[in-house]
Structure formats: structure tokens, C-alpha cells
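Residues per chain are reported as follows:
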Amino acid sequence: MSDRTPVQLGEYESAPLEPGQLTSRDVDRLHALQARGRLTLTRERTGWRLKADATVGVLVLDRVRVVISPKFAIPGEQLMSWLAYALGTPVPATARRWATGPEGYADLVAAALLEECERLLREGLRRDYVRRRSVEPVLRGRLDVAAQATRHFGQLDQLHVRTFDREADIWDNRALGSALRAALGLTASPDLARALHGAAAIFPQAQTPAAALHALDRTRYTRLNARYRPAHTWARLLLRGGGVTDLLTDQGTTADGLLLAMPALWEAVVRRLGTEAVGPHGGHAVPGGSGVGITVRGDLGNASAFRPDLLLSLPGHDAAQRTLLPVDAKYKRYDRHGVSSDDVHQLLTYSSGYASAGTPLAVIVHPQPGGHARRTLQVHGPKGLLGIIPVLGVDTRATPEQAAAWIGSVLRCPSHADRSMTAAAGGGVPEGRPARQPPQPNALPSQSRH
């Protein structure tokens, strides 16, 4: 850990590297990560330049240790709470004591795994029946007659036996042992490394990390191993190097590290925030973006489809009539600059394809440190209002529960969009164009700020 040169940079930032700091194996690893859009490595006259994309975490190479910090100033334990929220697992209570510096992001994940493994050790590791064949001096289990007759015929002090005993050397525990050993290479804290080493010595280990990861992917949880689910969640994150299948849709990295794709992480956060925000008020998320996305046909190649990150179904005036509200997660600094034209076009497409004609609404949710905020974009055309795009900034320094409550309060506010749309259209309806219907009562207010 200590013999590697530390390299600190932030998201979308770059740092120079000397020619001797990267081995040929490191270059191959970084090019593999570049192909996945995680970072960029370019050759320069004086060496190399490494640039991070929307990625946060730690990358351990042969001679350097790269630490990439978020562009948003999020304390380590707060980032951990958002990560746990996206993964749907409890936030470790004791992990915060390891967040002592900029390298605490990887240490926090390792500490989360350690805490769950220590809890399992206190409760007692799960045991299951395991079939084994061995040569014993006394008879245990069943005698393997065929093996005894062909290999040690007549030798009573070497008996080929088959046993079926309850052991802790099962895949539920092997996967955790492999993850604990993988975490040892990532942590920068000597105290945490000693604790990880002590726990790893108790757990059995899979032959390879790939075998452990394969076992985790095949795991089905029942009442017998349900208590392993949080530990397996952190183990899966570490063994994939940050590429969680359910969260980041990545197949992992070829280098030792823990790299989190922040846009995918924010999308997972927004999907859960929106779903929990509207649940108490009769709303729910539409699975799979209503099944059929906005489809483009007739062009070269296959048909393309557009789907929002989250599609909410909200109750309307009539209990039988519901309103669809598309929500899109944007991991961008929209607290500092305006919404890009590409995102405006995208949200207008969503509002046209999913929202009702009377309330052409589509919502942007972006991270915003320092307090919740809200503003509303009104898009006009020659014939009147085209759409309304509320832009919601979620305070990343708040807890996920507080953020969900705030979004829920915004979504259930009485709508004033009918007045705003009429005023925006000039107080009347263009000739030959039917008047828009009043919006549903659960639509977002279009003028208020928080």
C-alpha cells in the first residue's frame, strides 16, 4: 500500500504521470477502462496524462494509487449513505470512523463489508452439509469400496471414506473471504487493514475472485441465508471493482480498484427517491418505463427507443384516471449553470410522449449540495407553450429519507400550472388551436422556489 505513489484528482480532472510510473500491464489495464468510458489515458511528450470521467473511487496500479474524488463536495459518510440507499442495503453504523481523509471512500466500502462480516461472526457463520472424499486412518462416514479396492486394497490404516458433514466452508462464506482479501489491497488505513486481515483469516476463501463473484450471482436468499444479504451486497461491489450489475450495468474492471460510475449511481438514487416520494400519496413507478418506449422507426439500422429514467403514475381528479410524469436523473452541475439544449429537447420528447396534453410536464432531478432548490423552465413555440420542465436540485448533504420527503412534498403540492401556462401563452389560445385542459391536481407547481 505505502510503496505506491499517490495520485489525487477529481471527476473530469486530469493529472500528469511520468513514463516510469506506468508499467506495460498498467497501460493495458487503463486502456481497458478507457474502452468502458471510465477514464482516458493519452500519451504526451513528457509521459502520460490520466483523465477521469464521471467516476469516483480508487484504482490501484503497480506503481501508483489513483484516488478520484467526486466533483460534488460530499462528505465520505454521506456518500456512503447515498451508495447504501442506491444498493438498498442498511448504512453501516461504524463505517464512519474510517473516513479520515480523501482516501476514505474506498475505506468506507471496505469497512462496511468488515462490519457485516464481524456481525456474522458474532452470530455464528452459517454451516451446511458438504460432501467430501478423503483418506482417513479410521472409518468416518461411508467406506468408498471402489476406491479402497483399487488404490489401498488390504490397507486398514488408509481408508477411503465419503463424509457428509456440516461445515462453514460453503459459498456464502467463501465469497466473503475473497472480498475481504480484495479489500486489503484497496484500503489506505493500517488499522482497517489489520482488522480486514484478521477477519479474512477466519473466513474460507474461493479459489479465485471470479469464482466467488459467480457464486454471488447465483445466490438465492431464503430464511437460512437472508442475514447474509447486506454482506454479500458489499462483497459484490468490491469484487466487481465498483461495477455492480444491478446498479452500474458494468462487467467490472481489469485492475484492482473500486470505481463507481456516478451517473449510473445517481440514476439508481433518483429511481428510488421518486418511487418512495409518491408512494404515500397514491403514486407508483411504472415498471420498465411503461413497457414501450418512444420509438423511432424508418431510419437506417434498427429502431431506437427513448425511455426516461423513471416514469411515475400519479392519481388524477378521477380515481380511474391517472397521470404519467416522466423523471430524468442528471448528474450535472445544474446548480451552477443552465440546462443544456440537448436535455431540454430530451425532456420535451418525454413530456410529449408520456404526459397528458393538458400538462406537458417532465422533471429533471440533479444533485445540489447545500440545500434543496427548484426552478421551472417554460418552453414556447410559435403557437404557444410546448412544455414545462421543473428542475429539482436534491441536497446531497441531506439524508436520502429527507430528500424523499422533500420530493414528495413537491409532487403533492396543489398545481398552479394552469395559471402559469395561460399567462405564458399570452392570456389566450391561438386561433384554430383547441384550449388545453386544466392540469391534474398532483402535477408539480411551476412557479414556486424552495
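Residues numbered from 1 in each chain as written. Predicted model: local features only at pLDDT ≥ 70, side-chain atom pairs only at ≥ 80, totals over all residues. Heavy atoms only, no water.

Enquirer: Is there a simple way to explain unusual backbone geometry in this structure?
Expert: Note on backbone geometry: most residues besides glycine have negative phi, and most peptide bonds are trans. Although it is not a glycine, Y12 adopts a positive phi angle of roughly 65 degrees. For Y12, a relative accessible area of 42% gives the class partly exposed. (Buried < 20%, exposed > 50% of the residue type's maximum accessible area, 1.4 Å probe, protein only.)

Enquirer: What is the right way to read the sheet that holds strand β11 (residues 284-285) from this model?
Expert: What holds strands together in a sheet is hydrogen bonding between their backbones, with the strands either parallel or antiparallel. Strand order across the open sheet formed by six strands is β11-β14-β15-β16-β18-β17, with mixed pairing between neighbours. Because the sheet does not close on itself, it has two edges, and the strands there are β11 and β17 (373-381). Here β17 pairs with strand β18 (residues 384-394) via nine bridges, running antiparallel. By the bridge assignment for β18, T376 is matched with P390. With respect to the sheet, helix α11 (residues 341-354) is in contact with β14 (310-315), β15 (322-329), β16 (363-367), β17 and β18, its orientation differing from that of β15 by roughly 160 degrees. On top of the sheet, helix α12 (residues 400-411) reaches β14, β15, β17 and β18; it is set at about 155 degrees to β18, its chief contact. (Pairing = 2+ DSSP bridges. Helix = DSSP H or I, 4+ residues; strand = E, 2+ residues; numbered from the N terminus. Contact = heavy atoms within 4.5 Å. Axes fitted to C-alpha atoms, helices over the stretch in contact; angles between N-to-C directions.)

Enquirer: Before we go on, may I ask you to explain the environment of L184 in this structure?
Expert: Within the secondary structure, L184 sits in helix α5 (residues 171-184). Along the primary structure L184 and D107 are separated by 77 residues, whereas in three dimensions their C-alpha atoms are 9.6 Å apart.

Enquirer: Even after reading the chapter, I still don't get the nonpolar core, so can you show me in this structure?
Expert: As a rule of thumb, soluble globular proteins bury nonpolar side chains together. Ranked by internal contacts, the top residues of the largest apolar core, which has 78 residues, are L113, L176, W234, L273 and V394. Beyond its immediate sequence surroundings of up to four residues, V394 is in contact with W82, W266, L273, V365, H366, P367, Q368, H372, A403, W406 and I407. (Core = buried A, V, L, I, M, F, W, Y, C linked by side-chain atoms within 4.5 Å.)

Enquirer: Whenever I open this one, the confidence of the model for the protein chain confuses me. Can you help?
Expert: When pLDDT is averaged along the protein chain, the result is 80; 83% of the residues meet or exceed 70. By mean pLDDT, the top-scoring element of the protein chain is β16 (95), and the lowest-scoring one is helix α9 (residues 245-248) (36). Throughout residues 243-255 the model reports pLDDT below 50, and contacts reaching past four residues in sequence, or to other chains, amount to 36 contacts. Taken together, the stretch residues 445-450 has pLDDT below 50 and engages in 24 contacts with residues farther than four places along the chain or on a different chain. (pLDDT = per-residue confidence, 0-100.)

Enquirer: Would you take a moment to explain the sheet that holds strand β3 (residues 39-44) for this structure?
Expert: Taken in spatial order, the three strands of this open sheet run β2-β4-β3, and their pairing is antiparallel. Each edge of the open sheet is held by one strand with a lone partner, namely β2 (14-17) and β3. Taken over all neighbouring pairs, the strand axes of this sheet differ in orientation by 20 degrees on average, direction set aside. The sheet contact formed by β3 and strand β4 (residues 47-52) spans six bridges and is antiparallel. The partner of R43 across the bridge, within β4, is W48.

Enquirer: Even after reading the chapter, I still don't get helix α7 (residues 209-218), so can you show me in this structure?
Expert: Every α-helix carries 3.6 residues per turn, so stepping three or four residues along brings you back to the same face. Turning to α7, its buried residues are A212, L213, A215 and L216. Projected down its long axis, α7 carries its buried residues within an arc of 160 degrees, all on one side. Residues of α7 that are buried in the fold lie against α5 and α8 (229-239). (Arc of directions from axis to C-beta.)

Enquirer: Would you explain the packing of aromatic side chains in this entry?
Expert: Aromatic ring pairs: the centre-centre distance and the angle between the two ring planes describe each pair. Evaluation of the coordinates by the stated rule reveals two aromatic pairs. On the basis of an interplanar angle of 55 degrees and a centroid distance of 6.2 Å, the ring pair of W82 and W266 is categorised as tilted. Taken together, the residues W82 in helix α2 (residues 76-87) and W266 in helix α10 (residues 262-278) connect sequence positions 184 residues apart. W266 carries the same exposure label as W82, and that label is buried. A cation over a ring is seen here: R43 above W48, with NZ or CZ 4.4 Å from the ring centre. Positioned over the ring face of W171 is R174, at 4.8 Å from the centre of the ring. (Phe/Tyr/Trp six-rings, centres within 6.5 Å; stacked < 30°, edge-to-face > 60°. Lys NZ or Arg CZ within 6 Å of the ring centre and 35° of its normal.)

Enquirer: Just to check I follow, could you spell out the packing of α5 against α7 for this structure?
Expert: Any two packed helices are characterised by how steeply their axes cross, that is the angle between the axes, and by the distance between the axes. It is at 9 Å that the axes of α5 and α7 come closest, and there the two elements cross at 135 degrees. The orientation of α5 with respect to α7, classified from their angle, is oblique. For the pair α5 and α7, the crossing hand works out as left-handed. Packed against α5, whose contacting residues are W171, A175 and S178, the element α7 presents A211, A212, A215 and L216 at the interface. Taken together, the residues of the contact of α5 with α7 sort by class into six nonpolar, one polar and no charged. (Parallel < 35°, antiparallel > 145°, perpendicular 65-115°, else oblique. Left-handed = near helix turned anticlockwise from the far one by under 90°. Nonpolar A, V, L, I, M, F, W, Y, C, P; charged D, E, K, R; others polar.)

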